[in-house]
Amino acid sequence: MGLTPAHWVYLASVLLIIGVTVARKNVVVPALLATAVTAWVMTGSPVTGIQAIFNASLIAASELFNIFLIIAMVTALLGALRAMKADQRMVTPFQKVMRGGWSAYVVLAVVTYGISLFFWPTPAVPLIGAILVPAAIRAGLPAMGAAMAIAVAGQGMALSSDYVMQVAPGLSATAAGVEGSAVADVALVLSLVTGITALVIVGVMLRRHMRTPAEANLEEWEAGVVAEPRPPRRLLRRISVSPARKLVPATSAERIAEPIAVVEEKVPVGATVGGPPSTGSGGPADGRPPSGGSGAGGGQAGDDTPADEVADARIERLSKIFSIVVPVAFLAMIVYMVLGKVTDLVPSLEGGSAAALVGGLAAILVVVAAASLDGPKKALQSTGEHLTDGLVFAFRAMGVVLPIAGFFFLGNADFAGKILGYEDGQQAPGLLVDLVTASEHFIPGNPIVMCFGVLIIGMMCGLEGSGFSGLPLTGSLAGALGPHAGMDPATLAAVGQMGSVWTGGGVLIAWSSLLVVAGVTRVPVIELARKCFLPVVAGLVLSTLVAALFF
């Protein structure tokens with residue numbers, strides 16, 4: 001079938017969204033308009049175009065809500081642990097390893113890669129976010145640096161090779177007509193080249209943002225969603241033009257301007273989870289009275305009553321207990337998953353089942369922690385508050401991605417019919433796949449050009465938000481084009497797999513499982529995707545050259 005006006009409108013919209021993203025502007029409005037215009041052209045009905053704006057976001061929400069929910073559960077768990085200060089005590093053992101921002105960066109990347117290689121990133125990332133990320137933040141690693149390390153190592157390097165579970169190599173190999181092990185071996189090498197290159201570039205980007213290890217780093221991170229500490233020059237420039245500087249002395253102006261700058265860099269999470277940035281000096285940020293007067297001002301820290309001392313002792317005891325219980329519970333979950341993979345003692349958990357286990361375990365721990373701290377009756381209220389704040393956080397930080405995902409879902413035949421209101425059995429066009437298929441004829445027979453052509457096609461397929469959906473297409477292209485260029489189809493299939501999984505698997509686009517990474521590290525997901533773009537693309541270019549020249 002030839003390309004229709006709808007295909008060209010969709011292609012122009014994709015280029016527009018990419019351009020707006022590169023220009024560091026918000027792409028929600030372009031995505032909404034692109035959805036309406038594309039649906040109008042597809043159906044010939046402007047009313048359907050207007051309805052598609054709502055339907056596309058609704059379909060995207062239904063497909064991505066599992067990600068939002070697991071973010072909410074893990075955030076609620078962090079809030080419950082923070083209420084008893086168990087979060088700070090839990091990260092203490094990691095201080096011996098994470099002595100600074102650089103060691104934290106390396107540990108996060110290595111641990112994420114190891115766990116994700118066996119269990120896929122979706123269940124691994126919340127686990128790392130609950131235990132290792134707070135320790136890394138305290139050690140001085142910026143929240144954006146932690147997010148980039150996890151995304152590159154887990155969503156990219158581990159998932160793009162999928163060397164243990166071999167789901168991705170199996171899809172690519174079947175379509176290319178080659179052995180799965182051949183694709184897996186090449187994909188492992190290419191994923192390591194891409195990932196290590198990206199991690200090195202990310203490290204260079206972070207060199208000016210590493211901080212001195214301090215408890216204040218963790219408290220600041222828990223107070224809201226920190227995008228990234230801005231360079232001091234920009235902050236000074238903003239302060240210097242502030243009218244307040246002309247009205248008050250310099251020292252007062254700095255005291256006035258600095259809190260404003262901090263608030264601009266954060267998106268408050270809520271009253272229970274995180275609280276406002278101005279929550280006193282060390283008092284709980286969950287709305288409870290500070291125990292023993294530690295959060296009260298006015299020099300009353302020495303007026304503790306016997307009842308306060310008893311409450312402090314009880315909270316400290318619970319803090320010690322849950323700082324052990326939570327890591328042990330997640331470790332037991334990992335052991336269970338390993339047993340399911342290597343033995344027949346327990347059922348095997350993969351993909352969504354493993355992620356559901358993480359979310360369910362987090363919810364149980366929230367209930368137990370709240371009941372232990374507040375008592376059974378008050379826990380009915382506090383547990384609801386933790387979960388509500390977790391959901392608020394998830395949608396406040398990630399909700400902007402729904403209209404964007406809805407537009408790209410409109411180009412997927414699996415979702416386009418629902419968005420356009422087609423009846424059951426009525427086939428909807430797959431605009432994105434049609435565009436990719438039509439472009440294959442323009443790829444010349446030169447091995448280097450062919451490798452980059454398949455890479456770009458894989459990246460275009462990944463724009464749908466699923467790293468695996470484009471593998472049958474890239475595998476088929478590899479099987480058809482490889483012999484004509486004198487290349488091994490397994491190598492071409494591995495190159496296409498790199499493009500599709502690194503893009504749609506959750507590193508280069510925000511409407512993917514990158515949402516989980518942004519959620520557990522508390523950074524804006526679109527900003528995270530932008531930051532990852534240059535390191536990952538540089539890694540993909542290098543790995544593609546390696547494939548073309550050495551395989």
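As a starting point, this report considers the structure included with it. Since this is a predicted model, take the numbers as computed values, not measurements. As a convention, each chain's residues are numbered from 1 in the sequence order in which they are written. This being a predicted model, a pLDDT of at least 70 is required before a residue's local features are given, and a value of 80 or more before pairs of side-chain atoms are given or counted; all residues contribute to the totals for chains, interfaces and linings. Only hydrogens and water are set aside; all other atoms, that is, all heavy atoms of the structure, feed into the side-chain values.

1. Description of the packing of aromatic side chains
Going by this rule: Paired rings are identified among Phe, Tyr and Trp, the last through its six-membered ring, by centres lying within 6.5 Å, and are further divided according to the angle between planes into stacked (under 30 degrees), edge-to-face (over 60) and tilted (the rest). By the criteria applied, helices consist of DSSP H or I runs no shorter than four residues and strands consist of E runs no shorter than two, each listed in order from the N terminus. Note on classification: 1.4 Å probe, protein chains only; a residue is buried when its accessible area is under 20% of the maximum for its type, exposed when over 50%, partly exposed between these limits. Throughout this description, the term charge over a ring refers to an Arg CZ or Lys NZ atom that lies within 6 Å of the ring centre and within 35 degrees of the ring normal.
Within this structure, the stated rule accounts for four aromatic pairs. Measuring from ring centre to ring centre gives 6.3 Å for Phe-65 and Phe-395, while their planes differ by 40°; the resulting arrangement is tilted. With Phe-65 in helix α3 (residues 46-83) and Phe-395 in helix α15 (residues 352-398), this pair connects stretches of sequence that are 330 residues apart. Residue Phe-395 is classed as partly exposed on the basis of its relative accessible area, which comes to 38%. Above the ring of Trp-221, the side-chain terminus of Arg-522 is found at 5.4 Å from the ring centroid.

2. What to know about the side chain of Asn-217
Using the following cut-off: A 3.5 Å cut-off defines polar contacts: any pair of N or O atoms within that distance qualifies, except that in protein one atom must be a possible hydrogen donor and the other a possible acceptor, and neighbouring residues in sequence count only when both atoms are side-chain atoms. Contacts were defined at the residue level, with two residues in contact if any of their heavy atoms lie within 4.5 Å.
Its location among the elements puts Asn-217 in helix α10 (residues 215-222). A polar atom in the side chain of Asn-217 sits 3.5 Å from the backbone oxygen of Arg-138. A polar contact is formed between the side chain of Asn-217 and the backbone oxygen of Thr-212, at a distance of 2.9 Å. Contacts of Asn-217, omitting those with residues within four sequence positions, involve Ile-137, Arg-138, Gly-140, Arg-211 and Thr-212.

3. Some points on the pattern of salt bridges
For clarity, the cut-off: By definition, a salt bridge exists where a carboxyl oxygen of Asp or Glu is found within 4 Å of a side-chain nitrogen of Lys or Arg.
Counted by the stated rule, this structure contains five salt bridges. Here Glu-316 ties to Lys-320 by a salt bridge, and the two come within 4.0 Å at their closest N and O atoms. Here Lys-320 and Glu-316 lie together in helix α14 (residues 306-342), a separation of four residues that amounts to about one turn. Taking relative accessible area as the criterion, Glu-316 reaches 40% and is therefore assigned partly exposed. Salt bridges sharing common partners tie together Glu-527, Arg-530 and Lys-531.

4. Concerning a nonpolar patch on the surface
Test applied: Without a salt bridge and with relative accessible area above 30%, a residue can belong to a patch; like charges are then joined within 9 Å and nonpolar side chains (Val, Leu, Ile, Met, Phe, Trp, Tyr) within 5 Å. Surface exposure here means Shrake-Rupley accessible area, sampled with a 1.4 Å probe, where a residue is shielded only by the protein chains that are shown.
A surface patch of nonpolar side chains, about 610 Å² in accessible area, is lined by Val-189, Ile-448, Val-541, Leu-545, Leu-549, Phe-550 and Phe-551. By the secondary structure assignment, Phe-551 is in the segment after α23 (525-550). By relative accessible area, Phe-551 is classed as partly exposed at 43%.

5. Side note on the nonpolar core
To keep it simple, the criterion reads: What we call a nonpolar core is a set of buried Ala, Val, Leu, Ile, Met, Phe, Trp, Tyr and Cys residues that are connected through their side-chain atoms within 4.5 Å.
Among the nonpolar cores identified, the biggest contains 152 residues, and Leu-108, Leu-141, Phe-330, Phe-408, Leu-528 and Val-536 are the most heavily contacted of them. Looking at this core element by element, the count peaks at 17 residues for α3. The residues touching Leu-108, leaving out its near neighbours within four places in the chain, are Ile-128, Leu-132, Val-133, Ala-136, Leu-141, Ala-146 and Ile-150. Ranked by size, the runner-up nonpolar core spans five residues in total, among them Leu-159, Phe-468, Leu-471 and Val-501.

6. Structural notes on the side chain of Ser-161
Mapped onto the secondary structure, Ser-161 falls in helix α7 (residues 143-161). On the basis of relative accessible area, Ser-161 is assigned to the buried category, the value being 0%. Engagement of the side chain of Ser-161 in a polar contact is seen with the backbone oxygen of Ala-158, the distance being 3.3 Å.

What is shown is where atoms sit, not what they do.
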